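Inside the fold
As a plain string of letters, each chain reads:
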Amino acid sequence: MEPITGIPAILAMLAKVVAIFTAVMIVVAYTTYAERRISAWIQDRSGPNRVGPFGLLQPIADGLKNILKEETMPATANLFWFVLGPMLTIIPALIAIAVVPFAAPLPTPWGVVDMVVADVPIGVLWVLAVSSLGVYGVVISGWASNNKYAFLGALRASAQLVSFEVALGLALIATLMLAGNVSLTEMVWQQQQLDWWYAFPLSLAFILFVIAAFAETNRLPFDMPEAESELVTGYHTEYSAMKFSMFFIAEYAHMMTASALMATLFLGGWDIPFATWDDAYYWQGQYISGFDEAGAPIAASLAVWKSLATYVVFSLKTGFFLFLYIWVRWTLPRFRYDQVMTLGWKVLLPVSLGYVMIVASAILVLDYLGVAYGFLFGLVLTVISGLCTIGFLFFLDRDRVIAGAAVPHRLDRPVRMPDTRVPDTAIQGD
Amino acid sequence: MGVQVKVMQRPEPGRTSYLRAALKGMALTFRHMVNPNKVTQQYPEEQTDLSPRWRGTHVMETHADGRPKCVACGLCPTVCPANCIRLVGGEDDNGNRYPIVYEIDEFRCIFCGMCQEVCPVEAIHVGQDFENAEYSRDRFVYDLDRLMEQDHPSTLLWDPSDPRSE
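Attention here is on the structure that accompanies the text.

Conventions adopted
- Residues numbered from 1 in each chain as written.
- Chains lettered and ligands numbered in written order.
- Predicted model: local features only at pLDDT ≥ 70, side-chain atom pairs only at ≥ 80, totals over all residues.
- Helix = DSSP H or I, 4+ residues; strand = E, 2+ residues; numbered from the N terminus.
- Buried ≥ 20, exposed ≤ 12 C-beta atoms within 10 Å, placed from the backbone.
- Contact = placed C-beta atoms within 7 Å.
- Expected span 1.5 Å × (residues − 1).
- Pairing = 2+ DSSP bridges.
- Core = buried A, V, L, I, M, F, W, Y, C linked by C-beta atoms within 7 Å.
- Axes fitted to C-alpha atoms, helices over the stretch in contact; angles between N-to-C directions.
- Parallel < 35°, antiparallel > 145°, perpendicular 65-115°, else oblique.
- Nonpolar A, V, L, I, M, F, W, Y, C, P; charged D, E, K, R; others polar.
- Arc of directions from axis to C-beta.
- Left-handed = near helix turned anticlockwise from the far one by under 90°.

Helix and strand counts for chain A stand at 13 helices and five strands. Here chain A holds 430 residues, and the buried ones make up 43% of them. The long-range share in chain A, meaning contacts at least 24 apart out of those at least 6 apart in sequence, stands at 77%.

This is the structure:
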């Protein structure tokens with residue numbers, strides 16, 4: 001079976017673009033619904049259940065409401081940048097997902113269609129580059145609003161995104177070293193070949209990546225840029241109607257991109273666990289599902305139902321991370337700003353740097369010993385990473401890094417509470 | 001007696017596992033999420049049980065022949081702290097006093113229930129009702145006919161021998 005070429009390839013590309021854009025918008029809409037339903041359930045309420053069966057038409061009602069609402073323009077805002085801000089926020093959020101493969105290649109009468117919008121060789125780098133463009137939208141809209149809270153939110157957003165991008169990138173380096181490539185299609189293939197999803201041999205990178213991804217998407221417990229109790233709603237305080245909605249869509253699209261990315265990088269993307277019949281990769285002019293003992297390629301048998309099954313598995317993995325986002329949001333309280341910065345620069349950065357060194361040495365030693373890239377290779381790395389993860393969690397916990405508000409216990413003297421009792425004599429004097 | 005300060009006895013931060021606490025929190029929220037017993041009341045279908053002493057919009061009690069029980073004594077506009085009752089009394093041929101105008105501005109009313117308490121003939125009552133939405137503001141000045149038409153139950157007065165209404 002040959003890859004699709006010519007006019008059908010262009011048509012297939014357009015179809016994929018439309019399908020993915022629609023899917024992302026629908027998933028974003030229903031993630032807001034899921035967020036409201038799940039937060040309600042967590043608080044023993046029932047959530048939106050009035051519009052349509054089980055409230056399933058609620059996102060449509062919300063969208064209609066946002067389009068019909070009045071657009072307010074602050075008199076002192078810089079109009080050009082004020083309008084540009086939401087667009088600059090939403091566009092990177094929507095195009096980052098283009099490089100994520102979402103299913104096994106689909107055989108059609110005209111050839112095999114890769115189930116990824118753009119299988120660019122720079123995969124992961126594209127996601128990093130585009131998603132960090134999102135901070136421009138936040139900063140510009142916060143500045144153009146001419147509102148101190150919006151401005152503070154924008155400042156926090158830029159500081160936080162820059163800080164956690166470092167840890168995010170360093171956590172990624174471990175996966176890139178293990179896969180030996182940055183293309184996401186290749187990453188999925190390498191995880192199928194290793195027989196381990198990277199979440200196990202690179203468990204610490206997985207944890208660091210999840211933490212950094214939470215910070216990158218401005219979700220609780222890291223939602224400093226919009227901390228309601230401190231900054232009204234941060235950078236989008238002055239926005240209303242559809243412009244506010246665009247920030248909302250951007251936040252959820254970022255969440256979805258991050259979830260899809262975590263699923264692809266660490267949970268094997270569309271790979272079905274404990275099965276090899278779904279494996280497929282375009283290798284030297286043919287689709288293969290693996291190599292036999294002698295190293296000769298085994299041709300992959302592609303089928304429409306296999307593509308569908310892998311698509312379902314990919315959706316489940318992405319959905320799991322989306323659920324995790326919502327679940328964590330409604331459980332953990334917000335960090336203090338200095339705690340966020342401490343976590344970013346003093347914990348995640350050195351830990352991820354050290355971990356990259358450990359993984360690099362381990363891979364080097366394993367290669368030197370001639371261990372083949374496969375189950376045993378993954379097992380050794382899993383043990384090493386497991387030890388690193390336990391060490392990291394031990395180091396992070398019990399007030400060694402994350403501290404409560406009470407600081408004086410570190411000094412070797414008792415905490416002096418102010419004596420606020422009113423002496424009896426003072427009352428008798430009245 | 002001075003002001004008492006309660007100092008919370010917390011474990012030392014160095015002895016507290018934040019990760020374990022976070023995981024316990026996650027488990028707790030998950031348990032609540034799957035818990036089928038939700039506290040939400042599906043309001044229009046499921047009506048709230050109002051207390052018998054709930055004080056809502058007013059009710060004017062009537063005699064069997066449809067006349068209001070009010071004798072236009074003027075006690076309720078006098079006692080009303082919000083000054084929301086307007087009463088113009090008249091006298092018929094038999095010398096019985098009756099209200100010519102009796103209006104209550106429900107927007108000004110603070111629902112203290114003193115009009116009910118002070119009424120010598122148990123005519124005006126506050127009622128057990130809260131569904132009083134209208135499309136225009138002037139509909140909130142209830143005249144005598146409107147007060148007599150109200151069909152919700154009227155509020156029970158506080159009984160000193162049963163202070164908790166049990």
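Turning our attention to helix H4 (residues 123–144) of chain A. Here H4(A) is 22 residues long and its end C-alpha atoms lie 33 Å apart, about the 32 Å a rise of 1.5 Å per residue gives. One or two steps after H4(A), the chain reaches A:Asn146, where phi turns positive at roughly 55 degrees.

We now examine the sheet that holds strand S2 (residues 85–91) of chain B. All names here are of chain B. Judged by pairing direction, the sheet is antiparallel, and its three strands sit side by side in the order S2-S3-S5 without closing on themselves. Two strands in the sheet have a free side with no partner beyond their single neighbour: S2 and strand S5 (141–142). Here S2 pairs with strand S3 (residues 97–105) via seven bridges, running antiparallel. Each residue of the ladder has a partner; that of Val 88, found in S3, is Val 101.

Of all hydrophobic cores here, the largest spans 117 residues; its most connected members are A:Ala171, A:Leu208, A:Phe209, A:Ala212 and A:Met256. The greatest single-element share of this core, amounting to 15 residues, is contributed by helix H9 (residues 241–266) of chain A. If sequence neighbours within four positions are ignored, A:Met256 has contacts with A:Val24, A:Val27, A:Val28, A:Thr31, A:Ile97, A:Thr318 and A:Leu322. Listed in part, the 17 residues of the second largest apolar core include B:Val59, B:Met60, B:Ala72 and B:Ile124.

With that settled, consider the packing of helix H7 (residues 203–216) of chain A against helix H12 (residues 375–396) of chain A. Residues and elements named next belong to chain A. Packing of H7 against H12 brings their axes to within 7 Å, and their N-to-C directions diverge by 45 degrees. Overall, the two elements H7 and H12 adopt an arrangement that is oblique. Facing H7, whose interface residues are Ser 203, Leu 204 and Ile 207, H12 presents Ser 385, Gly 386, Cys 388, Thr 389 and Phe 392. Class assignment for the residues of the contact of H7 with H12 results in four nonpolar, four polar and no charged.

Residues and elements named next belong to chain A. Here three strands make up an open sheet; going across it, the order is S3-S4-S5 and the pairing antiparallel. Here the strands that pair on one side only, and so sit at the sheet edges, are strand S3 (281–283) and strand S5 (297–299). When strand polarity is set aside, the average angle formed by the axes of neighbouring strands in this sheet is 65 degrees.

A word on the environment of A:Ile272. Residue and element names in this part refer to chain A. Mapped onto the secondary structure, Ile 272 falls in the loop between H9 and S3. In this structure the C-alpha to C-alpha distance between Ile 272 and Gln 192, which are 80 residues apart in sequence, comes to 9.0 Å. For Ile 272, the residues in contact, after removing those within four places along its chain, are Asp 278, Ala 309, Thr 310 and Val 313.

With that settled, consider H12(A). Side chains of residues three or four places apart in an α-helix project in the same direction, reflecting 3.6 residues per turn. Residue and element names in this part refer to chain A. Between its first and last C-alpha atoms H12 spans 30 Å; for 22 residues at 1.5 Å apiece the expected length is 32 Å, and the two agree. Within H12 the residues assigned to the buried category are Phe 377, Gly 378, Leu 381, Ile 384, Ser 385, Cys 388 and Phe 392. For H12, the buried positions fall inside an angular range of 135 degrees around the axis, keeping them on one side. Facing away from the buried side of H12, by more than 90 degrees, are the exposed residues Phe 375, Leu 376, Ile 390 and Phe 394.

Turning our eyes to something else, we now look at the environment of A:Asn218. Residues and elements named next belong to chain A. Examined against the element boundaries, Asn 218 turns out to sit in the loop between H7 and helix H8 (228–231). On the neighbour-count criterion, Asn 218 (26 C-beta atoms within 10 Å) is buried. In this structure, the C-alpha to C-alpha distance between Asn 218 and Ala 157, residues 61 residues apart in sequence, is 7.7 Å. If we ignore the near neighbours within four places in the chain, the residues touching Asn 218 are Ala 157, Asp 223, Pro 225, Glu 226 and Glu 251.

The next point concerns the packing of helix H5 (residues 148–179) of chain A against H7(A). Residues and elements named next belong to chain A. Where H5 meets H7, the axes come as close as 9 Å, and the angle between the chain directions of the two elements is 155 degrees. The pairing of H5 with H7 is recorded here as roughly antiparallel in orientation. As H5 packs across H7, the resulting crossing turns out to be left-handed. Residues Gln 160, Leu 161, Phe 164, Glu 165, Ala 167, Leu 168, Ala 171, Leu 172, Ala 174 and Thr 175 of H5 form the contact with H7, whose own contacting residues are Ala 205, Leu 208, Phe 209, Ala 212, Ala 213, Ala 215 and Glu 216. Split into classes, the residues belonging to the contact of H5 with H7 amount to 13 nonpolar, two polar and two charged.

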